[in-house]
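Spelled out from the first residue to the last, the chains are:
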2 protein chains.
Amino acid sequence: MAKEKKFVQNITSRDEDFAAWYTDVVKEAKLCDYSSMKGCLNYLPNGYAIWENIQKDLDQRFKETGIENVSLPVLIPESLLQKEKDHVKGFAPEVAWVTQGGGEELEEKCCIRPTSETLFCDVWQKQVKSYRDLPLIWNQWCSVLRWEKTTRPFLRSREFLWQEGHTLHATPEEAEERTKQMHQLYYDFVTEDLAIPLTCGRKTESEKFAGAEATYTIEAMMHDGKALQSGTSHYFGSGFPDTFEIKYLDKENKLHSCYETSWGLSTRIIGAIIMVHGDDSGLVLPPKIAPTQAMIIPIAMQKEGVLDAATNLYKRLQEAEIRIKIDKSDKTPGFKFAEQEMLGIPIRIEIGPKDIENNQAVIVKRNNREKITVSLEDLETKVKEILEDIQKEMYQSAKEFLDSHIKEAKTMEEMKEIATNEIGFIKAMWCGSAECEEEIKSATGGYGSRCIPEEQKQISKKCIHCGKEAKHMVIWGKSY
Amino acid sequence: MAKEKKFVQNITSRDEDFAAWYTDVVKEAKLCDYSSMKGCLNYLPNGYAIWENIQKDLDQRFKETGIENVSLPVLIPESLLQKEKDHVKGFAPEVAWVTQGGGEELEEKCCIRPTSETLFCDVWQKQVKSYRDLPLIWNQWCSVLRWEKTTRPFLRSREFLWQEGHTLHATPEEAEERTKQMHQLYYDFVTEDLAIPLTCGRKTESEKFAGAEATYTIEAMMHDGKALQSGTSHYFGSGFPDTFEIKYLDKENKLHSCYETSWGLSTRIIGAIIMVHGDDSGLVLPPKIAPTQAMIIPIAMQKEGVLDAATNLYKRLQEAEIRIKIDKSDKTPGFKFAEQEMLGIPIRIEIGPKDIENNQAVIVKRNNREKITVSLEDLETKVKEILEDIQKEMYQSAKEFLDSHIKEAKTMEEMKEIATNEIGFIKAMWCGSAECEEEIKSATGGYGSRCIPEEQKQISKKCIHCGKEAKHMVIWGKSY
């Protein structure tokens, strides 16, 4: 029995110490670990398989909207990074510089890409001549590097994996539409495939991306009430393209500016999956992106017929395109249960001598531990149904948590009280000034502006901080 | 008509100047271009889509043999790279060094990975304790960087895309078996999916990978008779694991060495696809990895019913899971034909008023321009059959070229004569000494050892160069 409790014993209780719980889950589920290369992560098979499924689903959604993938260099020459002044101001302090190559000092140093706006503009400058060359709807899956001081698995590391989409358009309207389309696509993907409910909207001036005219964000609430920025879409106007001299000739041979967008989602989202859905037994993975959707655990494996019956179920479910595994190892069933729970596998299927006698199997749902006895005749249908149920239940449960942890505040007193005694987000009115934004954050112990939701509600007419006329209702929260 | 000839006019004839032809095809088909980052490539949508299909097919083959994907850092600390002395000697001269990060000089510089053996050993050192932790069968899809002096699209660039597999085993036998299994897997993938015939075998001592005990290679013959090394598999013995102190306890609690392999295939293979299959009209892509397998070109598009009929074919073929496109642009049919040929799309489907009348469409095969009139009733079946035929014919045609360009030589005179007057590979006996290998290469104007095939034939008993007893029959050739 000591063995059976191993995983759970290694995990700090979620409600006792959320940060320690998080680190324990990442470690025990073998999702990633720290590299000897300081500040960088090794994405191990269990963690990377989640990312592969995210890539597969998201990439399919991308391609349905006409996105084409490309791959641009990992390095940016200093002169290229410096072309756009707001952009270089935002990123230069946190890049890594290559100064030697092939045994020689370089004439011009180059940095490892912290993001690739400048590289995309560099390609486009050569490619775009006429209106026939537009739009360009490109994306790349890659890693980027920012020299962060502190590191947390998935949430903050010097190198992280992401996709960065970059598009170029003939009109501002078309570019703005693409920005919003991608914002909506992220929203659909994260809510539907990851079962994570979201708040979303525009970023304030001080929170938007370096060089962008507007940034849209999706923000998820972790189980400790903090926000995780989970995917951003930027509209650049013609700033970058003009700087890079990317112009096109229209049908009448007139020269025009181009309009640009970029948008990205990173491995941070795996942190969100862990912190939204996980519990004291470990990971809980949404069926749609779980590398293994069901684990068969034979009971009394040494008894005649059990392994055969279990293997038969395995084959049937594999043919039905369920991502299925079977645990035939000599560990005890209890240990196998704990391991399957630790890894967040959505369902386990138990089959033993009595089940075989009754032509049934017992299905246990990871999200709420519900046990369902199913007839072997309906196995494939039932497993699919239950996986769909789990996906819905996980979203529903997280949605209830989110909704019950968003409060409204009309005065700074109210806001401070909520900030002190509760966890979650706070809705409050704001005048639009960066000073008020900053002072609200420091007065509440870190409730920064998360986003300006599209759906506005006039909680009051005045800015919660300065009392001047309010411009927006803002969602405020602490964040990762 | 001027427009219609555009693509072909821009391409140098293949037999006139092979190198110029290659560069022209890469440019006109928009596969990749040079970045402002010197020595690096931009992989554009048309080129990257080929790589995506290669990844998809190869990754599926990997996973069927139990391979798990991971992602390790882009950077290697200097001390880690230096741990294995042969390895660092091989790679240190051609790496790029990061010396500044986050605005400060680094205490220890680090290089952009030229290959990741050291990073994998670094992870394993922490992970492997007992026989239960073995084997580890890992792979990563990433880019690596080597500070090359000269650059050619896909064939040689500072940064290139590849997969690198790294595995760790309890016994040398198991590791050797995995090395050979991956060698065979590459062979199957390249011959079956890319329609490229191969010679293959072991590399000589002087040609093997830095730090490896044995290297196996697949070598393709380009249309100019030169070899392109297309995928290598290395057996390391316990050298690396011992250096990194990776040991495991067996069931009796005894400490043992581990045994390692690595294997890789890169975007160079796209160069092979171009240079094996391409012709004076441009690319010719094997149907299995062609991003677009068939292009529908409506004839007399303005006539009533043509666009509807063409769109109907498009929908039917899309449902049949053919990667299909339709060209509804206002370019002339001739221009569209030339463009489809340039891009190497395996078949085009022409449909015009007469075809509609006769309930038929005309299919033209890219590989040999054969025209086949098919009844619309059999469309899906016929298109699938023709795609399969093309795949086979492309392999067959390349195989005939390969076979007819491998000659045998018994004396240096013979070998020099073949090297001077013909193109292709030469089979000749070799004593095993590095001196003879080097001298054969310089005497023949660059015919280096490509591989020692498993299937040996005793052409003569003596080394072609020194006359001493021959150890191996070697395949010699010029190479990219």
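Residues numbered from 1 in each chain as written. Chains lettered and ligands numbered in written order. Predicted model: local features only at pLDDT ≥ 70, side-chain atom pairs only at ≥ 80, totals over all residues.

Details of the sheet that holds strand E4 (residues 75–77) of chain A
Then comes step 1: Here 6 strands make up an open sheet; going across it, the order is E4(A)-E6(A)-E5(A)-E5(B)-E6(B)-E4(B) and the pairing antiparallel. The open sheet has two free edges, formed respectively by E4 of chain A together with strand E4 (75–77) of chain B, since each of these has just one partner strand. Recorded for the sheet is a direction-independent mean angle of 45° between the axes of neighbouring strands.
Then comes step 2: Of the pairings in the sheet, the one linking strand E5 (residues 96–101) of chain B to strand E6 (residues 104–112) of chain B comprises 4 bridges and is antiparallel in character. (Pairing = 2+ DSSP bridges. Helix = DSSP H or I, 4+ residues; strand = E, 2+ residues; numbered from the N terminus. Axes fitted to C-alpha atoms, helices over the stretch in contact; angles between N-to-C directions.)

Here's the deal with the sheet that holds strand E7 (residues 136–145) of chain B
Residues and elements named next belong to chain B.
Then comes step 1: Read across the sheet, 11 strands follow the order E3-E7-E8-E14-E11-E10-E9-E22-E23-E21-E20 without closing on themselves; strand pairing throughout is mixed. The outermost strands of the open sheet, each flanked by one partner alone, are strand E3 (68–69) and strand E20 (406–408).
Then comes step 2: The pairing of E7 with strand E8 (residues 159–169) spans 10 bridges and is antiparallel. Each residue of the ladder has a partner; that of Ser143, found in E8, is Leu161.
Then comes step 3: Strand contacts of helix H7 (residues 172–192): E8, strand E9 (199–202), strand E10 (214–221), strand E11 (227–237) and strand E14 (259–266), with the helix running at about 165° to E11, the strand carrying the most contacts.
Then comes step 4: In the packing of helix H9 (residues 268–277) onto the sheet, contacts are made with E10, E11 and E14, and the angle to E11 comes to roughly 145°. (Contact = placed C-beta atoms within 7 Å.)

Some words on the pairing of E8(B)
Residues and elements named next belong to chain B.
Then comes step 1: In terms of burial, E8 is a largely internal element, 10 of the 11 residues being buried.
Then comes step 2: In the sheet, E8 pairs with E14 via 8 bridges, with the strands oriented antiparallel. Each bridged residue has a counterpart across the sheet, and for His169 the counterpart in E14 is Tyr259. (Buried ≥ 20, exposed ≤ 12 C-beta atoms within 10 Å, placed from the backbone.)

Here we look at the relation of the copies chain B and chain A
In summary, the two copies of the chain are related to each other by a rotation about an axis coupled with a shift along it.
Then comes step 1: Between chain B and chain A, which share one sequence, the superposing operator has a rotation angle of 180° and an axial displacement of 0.0 Å; the RMSD is 0.0 Å. These values place the two chain copies in the arrangement generated by a two-fold rotation axis. Minimal C-alpha distance to the rotation axis in chain B is attained by Val98(B), lying at 2.1 Å. (Least-squares fit on C-alpha atoms with pLDDT ≥ 70 in both.)

Looking at the interface of chain B and chain A
Then comes step 1: Opposite the 43 residues of chain B that make contact, chain A presents 43 residues.
Then comes step 2: Looking at the side of chain B that touches chain A, the element that brings in the most residues is E5(B), giving 6 residues.
Then comes step 3: When strand E5 (residues 96–101) of chain A meets E5(B), the two strands line up antiparallel, connected through 5 bridges. In the strand pairing of E5(B), Gly101(A) is matched with Ala96(B).

Comments concerning helix H11 (residues 333–342) of chain B
Then comes step 1: Within H11(B), 8 of the 10 residues are buried, leaving the element largely enclosed by the surrounding structure.
Then comes step 2: Within the sequence span of H11(B), burial applies to Phe335(B), Lys336(B), Phe337(B), Ala338(B), Glu339(B), Gln340(B), Glu341(B) and Met342(B).

What to know about the nonpolar core
Then comes step 1: Grouped together as the largest cluster of nonpolar side chains are 279 residues, with contacts concentrated most on Ala294(A), Ile296(A), Ala294(B) and Ile296(B).
Then comes step 2: Filtering out sequence-adjacent residues up to four positions away, Ala294(A) remains in contact with Leu317(A), Ile322(A), Ile324(A), Ile345(A), Pro346(A), Ile347(A), Arg348(A), Ile349(A) and Val383(A). (Core = buried A, V, L, I, M, F, W, Y, C linked by C-beta atoms within 7 Å.)

Observations concerning the domain arrangement of chain A
Residue and element names in this part refer to chain A.
Then comes step 1: What the domain assignment lists for chain A is domain 1 (3–277), domain 2 (294–389) and domain 3 (406–477).
Then comes step 2: One C-alpha centre belongs to domain 1, the other to domain 3, and the line joining them spans 28 Å.
Then comes step 3: The partner domain 3 presents 13 residues to the 16 residues of domain 1 that form the contact.
Then comes step 4: Elements with a contribution of two residues or more to the side of domain 1 that touches domain 3: strand E9 (199–202) and strand E10 (214–221).
Then comes step 5: Broken down by element, the residue count for the side of domain 1 that touches domain 3 peaks at 4 residues, all from E9.
Then comes step 6: Partitioned by chemical class, the residues of the side of domain 1 that touches domain 3 number 3 nonpolar, 6 polar and 7 charged. (Domains from an automatic or database assignment. Nonpolar A, V, L, I, M, F, W, Y, C, P; charged D, E, K, R; others polar.)

A closer look at the packing of helix H3 (residues 45–64) of chain A against helix H7 (residues 172–193) of chain A
All names here are of chain A.
Then comes step 1: Taken N-terminus to C-terminus, the directions of H3 and H7 make an angle of 145°; their axes are 11 Å apart at the nearest point. In this structure, H3 meets H7 at a crossing whose hand is right-handed. Residue-level contacts link Asp57, Leu58 and Arg61 of H3 to Leu185, Phe189 and Asp193 of H7.
Then comes step 2: Residue composition of the contact of H3 with H7, grouped by class: 3 nonpolar, no polar and 3 charged. (Left-handed = near helix turned anticlockwise from the far one by under 90°.)

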